[in-house]
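These are the residues of each chain, in order.
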Amino acid sequence: MTTLEKIPSRQMTGILVTIWKRVKKIPPVYLIFLVIIIGVSYLNPNFATLNGMLLFLRRASPLAILAIGQLFVVASGGFDLSQGSLVTLTVIGSALIIYNNEENSYIAIMILLGIGIIIGLVNGVVVSYLKVPSLIATLGMLLLVKGGGLYWTGGAPKGYLTENWRYFGRGFIENVPVFGRFPVAVIVFLIVVVIMTILFHKTNLGKQILAIGDNPRASQLSGVKVKLIRIIAFLISAFLSVVAGVMIGGYGGTSILAGEGLEMQSVSAVVIGGALLLGGKGSVPEVAIGGLTLEAIFSLLNLLGLPKPYRDAVQGLIIIGAVAYAAITSKRRD
Amino acid sequence: MTTESIPADEIKRSKLGIRIPPVYYFLVIITVGGLILDILFAKGNIISNPTILTNILIRSVALGIVAVGQTFVMIGASIDLSVAYTISLTAVMTSQLMQGDPERVPMAIILVFVIGAVIGLVNGLIVTKLNVNPFIATLGTGLIIAGILNGTFANFKGSVPKSFRALGYESLGPIPISIIILIAVVVLGWFILSWTKFGAHLYGVGGSRELGRLSGLRTSRTIIVAHIICSLTAVLSGLFIVSRLGSGAPWVGPDGIYDLESVATTVIGGTALSGGRGGVFGTLAGVLIFGVIDTVFNQLGVDTYLKTVFRGAIIILAVASYSFRSKREAA
Amino acid sequence: MAQDLMTEKEPLMEVRNINKAFPGVQALDNVSVAFYPGEVHAVVGENGAGKSTLMKVMAGAYKSDSGTILFQGEIESFNHPVEAQEMGISIIYQEFNLLPERTVAQNIFLGREPAKIGIVNLRQLNKQAHAVLKEIGVDSMISPTALASSLSVAEQQLVEIAKAISLDAKVLIMDEPTASLTSTEVKLLNDLISRLKTKGLALIFISHRLSEVFEIADKITVLKDGQHVGTVNTKEVTSEDIVYMMVGRVLDHYFPPLGSSEDFGDVVLRVKDGSNNFLNSVYLELRKGEILGIAGLQGSGRTELAQALFGVVPFKSGEIELRGKPTAIKNPFWAISRRIGFVTEDRKAEGLILIQPIRDNMLLAIRSLQSLFAFIHQDGIRQSRNMVSALGEQVDIRVDSYGKEAQDLSGGNQQKVVLSKWLASESEIFIFDEPTRGIDVESKARIHDIIRGLTKQGVAVIMISSELPEIIGMSDRILVMHEGTIGGELPAESSETDIMLVATGQNNHRTSSISVDPERGEK
């Protein structure tokens, strides 16, 4: 009897073990996201509807895009803390350029993308040629861009963002089968995810970014152009910051606080997405989900009645916790 | 063969005990350049008006005190990016606790120093025991403090009593109290670093963690103490700031960019980001350089926002002027 | 007779049946040795024989898996180097052990500063340091207030010895103390060692230089593959005996046969008068199909030569001809695109991207030659999509998956991964810097076979090694470096003594052996 009973239970555990092995292979960010979404839906039934989800995605897309940009820099071993100030610059700068003239909208975006590219270039050059640690270099750039933006607009938002500019952040495509209305922001998000996934995971560039983040010296001795790659990583981050800026301005309107603190949010999202701070590991889709997860966590905190500033504290805990976890587990390996 | 191999400045040092850090030459150049700019493009009264000179010093007090603390952690090959929020927390807590009542002053001061010590302890523990990169660790604790601060306290609630404001405005004889405090902190910092076992061990641990361990130093404890000292200086800076403002607000620390500027002035002063070398006198020169630049900008009437731009650029260039020669790749 | 007296003395320190394993290697296998006071005891053996591990176990830096340590007859178990230090066992590691930005006195008394209530008495500190320096007779050379960074390597070593003396060391362990010293400095150190010996210290040192071992050691312990081969009185043996003990019988099968004249082709790389901050007027010729061994002491410029040839720290002056055309090797990318490969000395710091999969490590160099925005292929490049498994078989990497992270491999497999990286980029000139350091014997033989196999395919190889048996066993010609330049060229199968004579700058027949003569290698 006992032996008969044991066999099926052993099979059961066998099945459970294989299931557990499968589950363990799923990147944890998906499970975290799922849990948070369930939590939010429980507290706010509207959230669980198709429309609720789309609205959530519209709101969360810019952060996810910023996080993808941050990933390129983080995977290369650095940080880009100038992202938030560039978002602000994009919003207030565009408003100034457009000045309520719809025809100027796309010119404004082009100009801001140009400025973004210059800022990314300067970040990259300062870090790779002047060897300033990226945290200090990009925090300095944060001051520069923030001060520059405020100087440009005279300290308060001037001008007006037109509807066609704001379309990317808050517009909808009407009469879409199944969905009805589909947010433009989500389309931009999906396009960015696809392009960046290809760039990061399917091209040489992505492999070399991971290589320099892992071991810059060994990479250089294997012919990798470490400085160039680092500069490109900062360029991509700055470019995506402008893209996110257009969406944030579109969604929220013009404000000199539009990008405040977003740089740390994107770093937190990158960490939630399972990338290794200080370089060498990371995945675009997972970090994108990481961005959505962080936004969902904010919704959850909101529903739980915590004041907005506590979001910062939560981010701090996430960042320290993730890095400590990585440090402890890697120590165990040695 | 040996006597020749000792560099000239080394011999100077053994005779005088103190070596003049090269950054002082830079300070002289900046000051002379500033005076010329002032004469050419502004009223040219920096040199003639002693209050402007005193103001340079008073402007430097808050940054100078916390930069001394930053020097400690950086000699230990760590860093503290949470100081700006520790300053804010101190300013807000002090005015909340004092509520304008002179009798509550001692209690409030003790309490904020205790809180500061706890922050330093936590930073130190995260860096040493959890092995988190100090940049990330203190950026994280800074965020946590900022979150709690902004979520809990409103702007300019409470105030400090008049007696406490003496710290910021009164003078002892001809010398403002604030400047005396700055000098006291610098001298104390120099004494601890040069004359105590702790100082010697901090240089050892910062120069090589492994060598420190092999020499039987308590590496973790040394770094934790350095972090506590740094947070305590941030508290002192916060007390000074709130005595000037009369009331605390959560933005006073980050708006003063005390995190980045304390790091930048320390680096200019000759303390390496990689640890093991440097000292507070160099840092003081770095702080004075920033003070002079700030004053010259004021004299020239540079726009506030433009000043932020220059500050960012100066920080980057200041660190770059030391880092670009390094052979190691930065990231 | 003196030796008889010594052996009758009680040993000052003894290790018995010590075992120590690291992942994949038995570093020490049942080792027992006794060390006597007033005796200089050399520990010799090839790289990876377990010498350093034994020293570290004795000094408390490592804990042995089993076995006992006796000090002055008592069983001791050290949990921390400081515990051993306090007992009187000091160790001077090979790497730099002083804080460069602190003074000599501060370094000597780090952690033990004379102090009251935490305040250091600086006068007392300098006075004590001076006294210690005087005790070992170097007070006229070294000032207690000098910064460590202002001292020469030899002076720094003297400071470390002073530190040990100040700790009342009874046992002083030195890991290759003379590795980077000039001959006058070696003499200075040897004099000091003799003086310390008369004070009754037990001096233990690791060395690769047999001539020096015979000069100053009273006893020699030979380790091989973690096992104790034997301990002998220096006066009773010859250096041939020791070499035989070090390499054992395996020697004959260990190295593949040398190249023959039909293997050697045209000169592919020629350097004339190449100089930079580290190198001084280097002349060198490398032919297709040969292995050019480069020997020399540590600090003689071997690695710097490799770095110059690979463009890491290029030559500043001189002429370089690559495949007959004058050129300059500007940077590693340039070198790689001209099919030069560099297997660096330090695999972990310079060779591997450790947390990336094996396959990405293998393809790192070839990918760096391709367009940045080219699509990647998991196991190869567009022209050849299955490189990874072919390379893996070629260099005999035994792993279950090429998706495994490089950091999880053994040293031997890691070196094979690095090798395959350069095979993938079809290098025609290979520079090896210490190709078998820290690798188990089996992988070592495999790597030697692979290197020789490369030459059969027309590859030209420069092989730097501090293991003389490896230089002698592998090289078709030997260049010996000395103080940043080529001290001389020696033919294949030269003796260790010949090489060491040139390496230590004692050859007086410079002009006859320095000429770069391609005929010599064919003997």
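Residues numbered from 1 in each chain as written. Chains lettered and ligands numbered in written order. Predicted model: local features only at pLDDT ≥ 70, side-chain atom pairs only at ≥ 80, totals over all residues.

1. A few points about the overall build of chain B
A count of helical and extended segments in chain B gives 16 helices and 2 strands. Over its C-alpha atoms chain B spans a radius of gyration of 20 Å, differing by no more than 12% from the 20 Å that the globule rule assigns to 331 residues. Reported as C-alpha extents along the three principal axes, the dimensions of chain B are approximately 65 × 55 × 40 Å. Put simply, chain B has 331 residues, and 54% of those count as buried. Taking the intrachain contacts of chain B between residues at least 6 apart in sequence as the baseline, contacts between residues at least 24 apart amount to 78%. (Helix = DSSP H or I, 4+ residues; strand = E, 2+ residues; numbered from the N terminus. Rg over C-alpha atoms; globule rule 2.2 N^0.38 Å. Buried ≥ 20, exposed ≤ 12 C-beta atoms within 10 Å, placed from the backbone. Contact = placed C-beta atoms within 7 Å.)

2. Comments concerning the overall build of chain A
The secondary structure content of chain A amounts to 14 helices and 2 strands. Radius of gyration (C-alpha) of chain A: 22 Å, near the 20 Å computed for a compact globule of 334 residues. Seen through its C-alpha atoms, chain A measures out along the principal axes to roughly 85 × 55 × 35 Å. Buried positions account for 54% of the 334 residues belonging to chain A. Partitioning the contacts of chain A with sequence separation of at least 6, the portion at a separation of at least 24 is 78%.

3. Structural notes on the confidence of the model for chain B
Residues and elements named next belong to chain B. Residue-level pLDDT values for chain B average 87, and 93% of them are 70 or greater. Note on residues 1-17: pLDDT is under 50 here. Beyond four places in sequence and across chains, it has 19 contacts. Both confidence scores are given for the complex: pTM 0.87, ipTM 0.88. (pLDDT = per-residue confidence, 0-100.)

4. Points about the interface of chain A and chain C
Listed per partner, the contact involves 21 residues of chain A and 28 residues of chain C. Along the lines of polarity and charge, the residues of the side of chain A that touches chain C split into 6 nonpolar, 9 polar and 6 charged. (Nonpolar A, V, L, I, M, F, W, Y, C, P; charged D, E, K, R; others polar.)

5. Examining the sheet that holds strand E14 (residues 282-287) of chain C
Residues and elements named next belong to chain C. Taken together, 4 strands build an open sheet; the order of strands is E14-E13-E16-E17 and the sheet is antiparallel. Pairing within the sheet leaves two strands with one partner each, and these edge strands are E14 and strand E17 (325-327). Taken over all neighbouring pairs, the strand axes of this sheet differ in orientation by 15° on average, direction set aside. Relative to E17, strand E16 (residues 317-322) runs antiparallel, the two being bridged by 3 bridges. Across the sheet, Glu-321 pairs through a bridge with Pro-326, a residue of E17. (Pairing = 2+ DSSP bridges. Axes fitted to C-alpha atoms, helices over the stretch in contact; angles between N-to-C directions.)

6. A word on the environment of B:Val112
Residue and element names in this part refer to chain B. As for its placement among the helices and strands, Val-112 is situated in helix H6 (residues 105-128). A tally of 24 C-beta atoms within 10 Å means that Val-112 is categorised as buried. Spatially, the C-alpha atom of Val-112 lies 40 Å from that of Ser-326, the residues being 214 residues apart in sequence.

7. Things to note about the interface of chain B and chain A
At the interface, 39 residues of chain B touch 45 residues of chain A. Residue assignment for the side of chain B that touches chain A shows that the elements contributing at least two residues are helix H7 (134-152), helix H14 (258-268) and helix H16 (304-323) of chain B. Across the side of chain B that touches chain A, the residue classes tally to 25 nonpolar, 11 polar and 3 charged.

8. A closer look at unusual backbone geometry
The backbone of B:Gln99 shows a phi angle near 50°, a positive value even though the residue is not glycine. Tracing the sequence through the fold places B:Gln99 in the loop between helix H5 (83-98) and H6. Positive phi, normally seen in glycine, also occurs at C:Ile117, with a value near 35°. Position of C:Ile117 relative to the elements: it lies in the loop between strand E7 (115-116) and strand E8 (119-120). Owing to 6 C-beta atoms within 10 Å, C:Ile117 belongs among the exposed residues under this scheme.

9. What about the packing of helix H6 (residues 134-153) of chain A against H16(B)?
Two elements in contact, H6(A) and H16(B), have axes separated by 7 Å at closest approach and are oriented at 160°. In terms of orientation, H6(A) lies roughly antiparallel with respect to H16(B). For the element pair H6(A) and H16(B), the recorded crossing hand is left-handed. Across the interface between the two elements, A:Ile136, A:Ala137, A:Gly140, A:Met141, A:Leu143, A:Leu144, A:Lys146, A:Gly147, A:Gly148, A:Leu150 and A:Tyr151 of H6(A) pack against B:Tyr305, B:Leu306, B:Thr308, B:Val309, B:Arg311, B:Gly312, B:Ala313, B:Ile315, B:Ile316 and B:Val319 of H16(B). Residues that form the contact of H6(A) with H16(B) fall into these classes: 14 nonpolar, 5 polar and 2 charged. (Parallel < 35°, antiparallel > 145°, perpendicular 65-115°, else oblique. Left-handed = near helix turned anticlockwise from the far one by under 90°.)

10. Topic: the sheet that holds strand E11 (residues 219-224) of chain C
Residues and elements named next belong to chain C. The strand order E6-E9-E10-E3-E11-E12 describes an open sheet built from 6 strands, whose pairing is mixed. Two strands close off the open sheet at either side, each with one partner strand: strand E6 (89-92) and strand E12 (227-233). Between one strand and the next, the sheet's axes are offset by a mean angle of 15°, whatever the strand orientation. Each of E6 and strand E9 (171-175) is contacted by helix H6 (residues 153-166), which is oriented at about 170° to E6, the strand it contacts most.

11. Looking at the environment of A:Val40
Residue and element names in this part refer to chain A. One can find Val-40 in helix H2 (residues 28-43). Residue Val-40 is classed as buried on the basis of its C-beta count, with 20 C-beta atoms lying within 10 Å. A C-alpha to C-alpha distance of 5.5 Å links Val-40 and Leu-300, two positions 260 residues apart in sequence. In contact with Val-40, not counting residues within four places along its chain, are Phe-47, Ala-296, Ser-299, Leu-300 and Leu-303.

12. Side note on H16(B)
Compared with the 28 Å implied by 1.5 Å per residue over 20 residues, the 29 Å span of H16(B) between its first and last C-alpha is a close match. Where H16(B) is concerned, the buried positions are B:Thr308, B:Val309, B:Arg311, B:Gly312, B:Ile314, B:Ile315, B:Ile316, B:Ala318, B:Val319, B:Ala320 and B:Ser323. Residues of H16(B) that are buried in the fold lie against helix H5 (105-128) and H6 of chain A together with H14 and helix H15 (280-300) of chain B. (Expected span 1.5 Å × (residues − 1).)

13. Digging into the nonpolar core
The nonpolar side chains of a soluble globular protein tend to be buried with one another. Counting 356 residues, the largest nonpolar core has A:Ile68 and C:Val461 as its most contacted members. With 16 residues, helix H11 (residues 226-252) of chain A is the single largest residue contributor to this core. Leave out the neighbours within four places in its chain, and C:Val461 touches C:Ile291, C:Leu292, C:Phe430, C:Phe432, C:Ile451, C:Leu454 and C:Thr455. (Core = buried A, V, L, I, M, F, W, Y, C linked by C-beta atoms within 7 Å.)

14. Quick notes on helix H3 (residues 23-41) of chain B
In this model, H3(B) (19 residues) spans 26 Å end to end at C-alpha, consistent with the 27 Å of a helix rising 1.5 Å per residue. Looking at the buried positions of H3(B), the neighbouring elements they touch are H14 and H15 of chain B.

15. Topic: the pairing of strand E22 (residues 485-491) of chain C
Counting buried residues along E22(C), 5 of its 7 residues qualify, which places the element largely inside the surrounding structure. Counted along the chain from strand E21 (residues 477-482) of chain C to the antiparallel partner E22(C), the turn is 2 residues long, and its residue C:Glu483 has a positive phi close to 50°.

16. Describing the packing of H14(B) against H15(B)
Two quantities define a packed helix pair, namely the angle between the axes and the distance from one axis to the other. Residues and elements named next belong to chain B. Orientation of H14 relative to H15, taken along the N-to-C sense of each, is 120°, at an axis distance of 7 Å. Classed by the angle they form, the pair H14 and H15 counts as oblique. Note that H14 runs across H15; the crossing there is right-handed. Where H14 abuts H15, its residues Glu-261, Thr-265, Thr-266 and Ile-268 lie against Thr-283, Gly-286, Val-287, Ile-289 and Phe-290.

17. Some words on the pairing of strand E1 (residues 172-176) of chain A
Residues and elements named next belong to chain A. Sparse coverage of E1 is indicated by the burial of 0 of its 5 residues. Note that E1 and strand E2 (residues 180-183) share 3 bridges and pair antiparallel. For Phe-172, the partnering residue across the bridge sits in E2 and is Pro-183. Linking E1 back to E2 in an antiparallel pair, the connection comprises 3 residues, with Val-178 at a positive phi of about 70°.

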